[in-house]
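Results of the structural survey
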Amino acid sequence: MYAVVGCSECSNLWIIEGRSETTQCPRCGSRKAYEKRKKFVETDDAAHARDVRASMLANRQGEGEAFAKLDSFADLEDDVADGVVDDEEYLEGSGLDVEEVEAAGDRDPRGSTRSGSKQEIVKGALEDLEQPTEEEVVAYAGERGVSAEYVREALEKLARRGVVSESRGQYRLL
């Protein structure tokens, strides 16, 4: 059982499924007994209840005539479901290789194939490693093609700017 009900406090319209003792307006929060709510329609069909509520809202806004020309919600849902383009179809239509896109999404952005600027790689080391020392950051970045000299300079600059802190030889991002 579905009912289109209205709130006497804020004039909101909504659909209630079933019959509870009290109902609460989703807009203003006023609570009333189900029997005291104004019920515009009671039906066993959820689609019919949606259509009635939508029609009432359209009439309130002066669009009742335009709404009358539309199909029911059930018909509109069927139309939308038929016209939806799935991800694969969209990617292929854009000239992209679906398998390649899926493989790119499966890669670990922090793994050994990490790309990005040298500074991003240094920051990545600080994120990935637990309480890293300068040598651990150098080793991490070195595996990704960043020189030890650059890593030491970058750590010094990041510490001066307050992006990282160094305590007893261990670094962390702030």
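To keep things clear, this report deals only with the structure shown in the data block. (Residues numbered from 1 in each chain as written. Predicted model: local features only at pLDDT ≥ 70, side-chain atom pairs only at ≥ 80, totals over all residues. Heavy atoms only, no water.)

To continue, consider the sheet that holds strand 1 (residues 2-6). Taken in spatial order, the three strands line up as 2-1-5 in an open sheet, and their pairing is antiparallel. The sheet terminates laterally at strand 2 (13-17) and strand 5 (38-43), the two strands that pair on one side only. Each strand axis lies, on average, 25 degrees off the axis of its neighbour in the sheet, ignoring direction. Here strand 1 runs beside strand 5; their pairing, made up of five bridges, is antiparallel. Bridge pairing in strand 5 places Gly6 opposite Lys38. Its contacts with the sheet put helix 1 (residues 46-60) on strand 1, strand 2 and strand 5, and the angle it makes with strand 2 is roughly 170 degrees. (Pairing = 2+ DSSP bridges. Helix = DSSP H or I, 4+ residues; strand = E, 2+ residues; numbered from the N terminus. Axes fitted to C-alpha atoms, helices over the stretch in contact; angles between N-to-C directions. Contact = heavy atoms within 4.5 Å.)

Val122, Leu126, Val137, Val151 and Leu155 are the most contacted members of the largest nonpolar core, which totals 15 residues. Elements with a minimum of two residues in this core: helix 6 (118-128), helix 7 (134-142) and helix 8 (148-161). The contact partners of Val151, leaving out residues within four places of it in the chain, are Val122, Val137, Val138, Ala141 and Val146. Counting residues in each nonpolar core, the second largest holds seven residues, with Ala3, Trp14, Ile16 and Cys25 among its members. (Core = buried A, V, L, I, M, F, W, Y, C linked by side-chain atoms within 4.5 Å. Buried < 20%, exposed > 50% of the residue type's maximum accessible area, 1.4 Å probe, protein only.)

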